[in-house]
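Examination of the molecular architecture
This is what each chain is made of:
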Amino acid sequence: MIATYFQKLYERSSFLNQENILRVASQFSGGRLLDVGCDNGKWTQQLGKVSKASELWGIEINSGPAEECRSKGIKVINQDLNNVWNVNESYFDIIHANQVIEHVPNVDFFLHETFKALKPGGTVIVSTENGSSWHNIFAAIMGWQIFSLTNMSSLAVGVGNPLALNRGSGTPQSGWTHKTIFNYLGLIEFFKIHGFVSITIQGAGYHPLPAVCGRWDVRHAHFITLAATKPL
């Protein structure tokens, strides 16, 4: 029962987080959009629709989803994000990455490539899990692995936390593991040191309370979504 309840909370939090992202994207009226970690392109299409994007691009490491994404008319670059991105400099009006930055080994390189690919005056939208969420704080107090880092191993799921979702349910892929979990202020300052301005943060999820509470207390929300601008 507890596991089912938390699974529903997570799903609701993820839905509200996507609403937050779409709200930011809807402020645009055209231009080129790059979805980093675009998977099969279904979410990329939603982003393109609300932002009225004139071109839809994606980066995806897995060839199967990349091909499916291409079949939807999206221009996909099939590559590893740890290598120099095969895109034009200062080309994109919007760059989006949802639940991606926590997976990359070198977050400085990730943001360097993001900044380089973005047009001056363009916007980046990055969403990730929040190390300062109340359920992560509770886990740390208990001496457990925080929920957002229970998938730090490619050998097992839900390591170090008896309440982790999907604990012990098979072997994850190595690219699925989390490397860096940001806290509210850390995410903001990280983007500042890479030259971004006009930074805003939205929240979604507030375990074990209803997910909408994360919109009111962003510092302790489960998901935090940052929007920032590359200076002109």
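As a starting point, this report considers the structure included with it. Note on numbering: residues in each chain are counted from 1, in written sequence order. Whole-chain, interface and lining totals are the exception, using all residues; otherwise, since this is a predicted model, local features are given only for residues with pLDDT of at least 70 and side-chain atom pairs are given and counted only at 80 or more. As a rule here, side-chain values come from all non-hydrogen atoms in the structure, and water together with hydrogens is ignored.

Moving on, we get to unusual backbone geometry. A cis amide bond, omega 5°, links His-207 with the succeeding residue Pro-208. Unusually for a residue other than glycine, Asn-166 sits at a positive phi of about 65°. Helix and strand labels come from DSSP, where a helix needs a run of H or I of at least four residues and a strand needs a run of E of at least two; each type is numbered from the N terminus. Here Asn-166 shows up in the loop between α5 (134-141) and α6 (184-193).

Turning next to the packing of aromatic side chains. A pair of aromatic rings is counted whenever rings of Phe, Tyr or Trp (Trp by its six-membered ring) have centres within 6.5 Å, and the orientation is called stacked for planes under 30 degrees apart, edge-to-face for over 60 and tilted otherwise. As enumerated under the stated definition, the model contains ten aromatic pairs in all. On the basis of an interplanar angle of 90° and a centroid distance of 5.7 Å, the ring pair of Phe-138 and Trp-144 is categorised as edge-to-face. With relative accessibility at 39%, the residue Phe-138 sits in the partly exposed group. The exposure class assigned to Trp-144 is partly exposed, which follows from its relative accessible area of 22%. Linked through ring pairs, Phe-115, Phe-182, Phe-190, Phe-191 and Phe-196 together constitute an aromatic cluster. In this arrangement the basic side chain of Lys-230 is found over the ring face of Phe-115, its NZ or CZ atom lying 4.7 Å from the centre. Categorising residues by exposure relies on relative accessible area from a 1.4 Å probe, with only protein chains included: less than 20% of the type maximum marks a residue as buried, more than 50% marks it as exposed, and the intermediate range marks it as partly exposed. Placement of a charge over a ring requires the Lys NZ or Arg CZ to be within 6 Å of the ring centre, with the centre-to-atom vector within 35 degrees of the ring normal.

Like-charged residues are merged into a patch within 9 Å and nonpolar side chains (Val, Leu, Ile, Met, Phe, Trp, Tyr) within 5 Å, provided each residue has over 30% relative accessible area and no salt bridge. A 1.4 Å probe and the Shrake-Rupley method give the accessible areas. Residues count as covered only by the protein chains that appear here. Definition used for salt bridges: Asp or Glu carboxyl oxygen within 4 Å of a side-chain nitrogen of Lys or Arg. Together, Phe-138, Met-142 and Leu-163 make up a nonpolar patch on the protein surface, roughly 260 Å² of accessible area in all. Residue position: Phe-138 is located in helix α5.

When DSSP finds two or more bridges between a pair of strands, those strands are recorded as paired. Summarising the sheet, strand β2 (residues 55-60) and strand β3 (residues 75-78) pair through four bridges and their orientation is parallel. Residue pairing for β3: Trp-57 is matched across the bridge by Lys-75.

Quick look at the side chain of His-96 now. Checked against the element boundaries, His-96 lands in strand β4 (residues 92-98). N or O atoms within 3.5 Å of each other form a polar contact, as long as, within protein, one can give a hydrogen and the other can take it, and as long as residues adjacent in sequence are counted only when both atoms are side-chain atoms. Of the polar contacts made by the side chain of His-96, one reaches the side chain of Trp-43; its length is 3.2 Å. If sequence neighbours within four positions are ignored, His-96 has contacts with Ile-21, Leu-34, Asp-35, Val-36, Trp-43, Leu-47 and Ile-125. Should any heavy atoms of two residues lie within 4.5 Å, those residues are considered in contact.

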